[in-house]
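Chains, contacts and geometry: an overview
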Amino acid sequence: MKRREAVNLLYKIYNACQDITINAIQIDTIKKENTYPDQNFVLLIKDTLSSSSYAILKVIAKNHNLEVSKRDEITIISDKSNQL
């Protein structure tokens with residue numbers, strides 16, 4: 001997803017999920033390159049999510065044609081074709 005979409009999604013998730021703090025969500029790039037306008041971004045949530053927040057997160061991601069995955073203790077929201 002592009003940076004603007006990632007920022008908008010960050011705030012949508014923050015407002016919808018009561019147990020996710022703004023400091024727990026991070027926007028990161030998939031590849032560290034100098035092609036900023038063409039970068040693809042992902043959201044990383046470094047927090048323990050309740051089952052209700054995780055369900056809300058999955059619905060929000062699905063509505064934006066995104067995918068939710070977990071790696072270690074981090075929840076990742078990304079385009080379906082762009083995984084970390």
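In this text, all values refer to a predicted model and were calculated from it rather than measured experimentally.

Averaged over every residue, the pLDDT of the protein is 86; residues scoring 70 or more account for 86%. Ranking the helices and strands of the protein by mean pLDDT puts helix α2 (residues 51-63) first, with 94, and strand β1 (residues 25-29) last, with 90.

The next point concerns α2. Counted at 1.5 Å a residue, the expected span for α2 with its 13 residues is 18 Å, and the 19 Å between its end C-alpha atoms agrees. The set of residues buried in α2 consists of Ser 53, Leu 57, Ile 60 and Ala 61. Along the axis of α2, the buried residues cluster in a sector spanning 100°; they form a single face. Exposed positions of α2 whose direction lies more than 90 degrees from the buried face are Ser 51, Lys 62 and Asn 63.

Parameters at a glance
Residues numbered from 1 in each chain as written. Predicted model: local features only at pLDDT ≥ 70, side-chain atom pairs only at ≥ 80, totals over all residues. Heavy atoms only, no water. pLDDT = per-residue confidence, 0-100. Helix = DSSP H or I, 4+ residues; strand = E, 2+ residues; numbered from the N terminus. Expected span 1.5 Å × (residues − 1). Buried < 20%, exposed > 50% of the residue type's maximum accessible area, 1.4 Å probe, protein only. Arc of directions from axis to C-beta.

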